[in-house]
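Summary of the model geometry
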Amino acid sequence: MPAHAAIIMDGNGRWAEQRGLERRAGHQEGARRVRDIAAACIDHGVAVLTIYAFSTENWDRPVDEVSFLMDLIPERLEAERSTIFEQRVRVRVLGEVETLPLIDRVAVQDIVRQTAHHDALDLNIAFNYGGRAEIMRALRKLIREGVHPDDVTESLISSAMYTAGQPDPDLLIRTGGDQRSSNFLVWQSIYSEFYFTPTLWPDFTRAEFERALADFATRRRRFGRVPAAAQVSGASVDG
Ligand code: IPE
Ligand code: IPE
Ligand code: MG
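What counts and what doesn't
- Residues numbered from 1 in each chain as written.
- Chains lettered and ligands numbered in written order.
- Predicted model: local features only at pLDDT ≥ 70, side-chain atom pairs only at ≥ 80, totals over all residues.
- Heavy atoms only, no water.
- pLDDT = per-residue confidence, 0-100.
- Helix = DSSP H or I, 4+ residues; strand = E, 2+ residues; numbered from the N terminus.
- Phe/Tyr/Trp six-rings, centres within 6.5 Å; stacked < 30°, edge-to-face > 60°.
- Buried < 20%, exposed > 50% of the residue type's maximum accessible area, 1.4 Å probe, protein only.
- Salt bridge = Lys/Arg side-chain N within 4 Å of Asp/Glu carboxyl O.
- Near = heavy atom within 4 Å.
- Polar contact = N/O pair within 3.5 Å; in protein donor to acceptor, adjacent residues only side chain to side chain.
- Areas by Shrake-Rupley, 256 points an atom, 1.4 Å probe, with all protein chains shown as cover.
- Nonpolar A, V, L, I, M, F, W, Y, C, P; charged D, E, K, R; others polar.

Re the confidence of the model for the protein
- Taken as a whole, the protein shows an average pLDDT of 95; of its residues, 96% reach a score of 70 or greater.
- For the protein, the element scoring lowest by mean pLDDT is helix α9 (residues 228-238), at 62; strand β1 (residues 4-8) scores highest, at 99.

As structure tokens, this is what we get:
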């Protein structure tokens, strides 16, 4: 099982367009899918689930779509509030919430604070998130703290990221058929296993998530090393 699964929830707009609906209907429907996937993570012992909800590039969409998406996160969090508490989900936001209207920002920050002691699942919501923006923010933070250049290590940079203290994503899923990262978890995904599916996000079910988990279980992760068997024979040649 992956300790950390991350999902690029893509295809909401196309899902709606295929039904002759407005794109926002796709976002609305897509947001409802998160609940089942989070529940599946809890059942399968996946400790961290990161979902990509709004990228730094998504600001370039039409104003009405952007404002709909801005409202969607606080609205869904409020709707799922009791489930979040019952299931003991710890919510974290990756990205800058400063862009939200004050009332929504306070609501989101409240739920982050109130769930900080929960331990069943870490739900990271990447919102107004960009992988490069995250790295830039981390560098600024370290420089501001006066860290000496010689003291900069990979683990220090990791600790300055939004995902501080969490394992890197083992499995990175993208729905909607495209095969790119779109600025998601740039620092953390270097050894993620990618799983691409043409399924549009509002159609992504628990069963399909479980297929992705099963597929992950067949992957052989080498992290740059040679397979264990070759290592053994290599040792005998050397020695
Ligand atoms: C993903 O669905 C959700 C966000 C990017 C906010 P899209 O809105 O990108 O849907 P498509 O890719 O246009 O179908
Ligand atoms: C990635 O989807 C961002 C989110 C799912 C939030 P996009 O639809 O924005 O990505 P591109 O434009 O196809 O790369
Ligand atoms: Mg898209």
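Moving on, there is more to tell.
Structural notes on the packing of aromatic side chains
- This structure, assessed with the given rule, holds 9 aromatic pairs.
- Each ring, one from Phe54 and one from Phe127, has its centre 5.9 Å from the other, and the planes form 45°; the classification is tilted. Pair noted here: Phe54 is in strand β2 (residues 48-55) and Phe127 is in strand β4 (residues 121-129), with a separation of 73 residues, a long-range link. There is no split in this pair, since Phe54 and Phe127 are both buried.
- Taking 6.2 Å as the distance between ring centres and 85° as the angle between the ring planes, the aromatic pair formed by Tyr129 and Phe184 counts as edge-to-face. With Tyr129 in strand β4 and Phe184 in the loop between β5 (171-174) and β6 (193-196), the pair connects residues that are 55 residues apart, well separated along the chain.
- Its relative accessible area of 0% is what places Tyr129 among the buried residues.
- Three or more aromatic residues link up through ring pairs in this structure, and these residues are Tyr52, Tyr129, Tyr162 and Phe184.

Notes on the pattern of salt bridges
- Applying the stated rule across the entire model yields 23 salt bridges.
- With its nearest N and O atoms 2.7 Å apart, the salt bridge here joins Asp43 to Arg206. Within this pair, whereas Asp43 is found in helix α2 (residues 23-44), its partner Arg206 is found in helix α8 (residues 206-218), the two being separated by 163 residues in sequence.
- Looking at Arg206, the relative accessible area reads 28%, which means it is partly exposed.
- With its nearest N and O atoms 2.7 Å apart, the salt bridge here joins Arg76 to Glu80. Each member of the pair, Arg76 as well as Glu80, is classed as buried.
- The network of salt bridges with shared partners includes Asp170, Glu193, Asp215, Arg219 and Arg221.

Digging into the site of ligand 1
- With respect to spatial proximity, 13 residues lie near ligand 1, and among them Asp10, Gly13, Arg14, Arg23 and Arg61 are the closest.
- Gly13 places a main-chain nitrogen or oxygen 2.9 Å from an oxygen atom of ligand 1.
- The separation between an oxygen atom of ligand 1 and a polar side-chain atom of Arg14 is 2.7 Å.
- Look at ligand 1: alone it shows 380 Å² of surface, and the protein chains cover 87% of it.
- Of all elements in the fold, only α1 (12-18), α2 and α3 (63-79) reach the threshold of two or more residues within the shell around ligand 1.
- Per-element tally for the shell around ligand 1: the top contributor is α1, with 3 residues.
- When the residues that make up the shell around ligand 1 are grouped by side-chain class, the tally is 3 nonpolar, 5 polar and 5 charged.

Section: the site of ligand 2
- In the vicinity of ligand 2, the contacting residues are Ile8, Met9, Asp10, Tyr52, Ala53, Phe54, Asn58, Arg61, Arg174, Arg180 and Ser182.
- Arg61 places a side-chain nitrogen or oxygen 3.2 Å from an oxygen atom of ligand 2.
- Broken down by element, the shell around ligand 2 gets its largest block of residues, 3 residues, from β2.
- Its residues assigned to classes, the shell around ligand 2 comprises 5 nonpolar, 2 polar and 4 charged.

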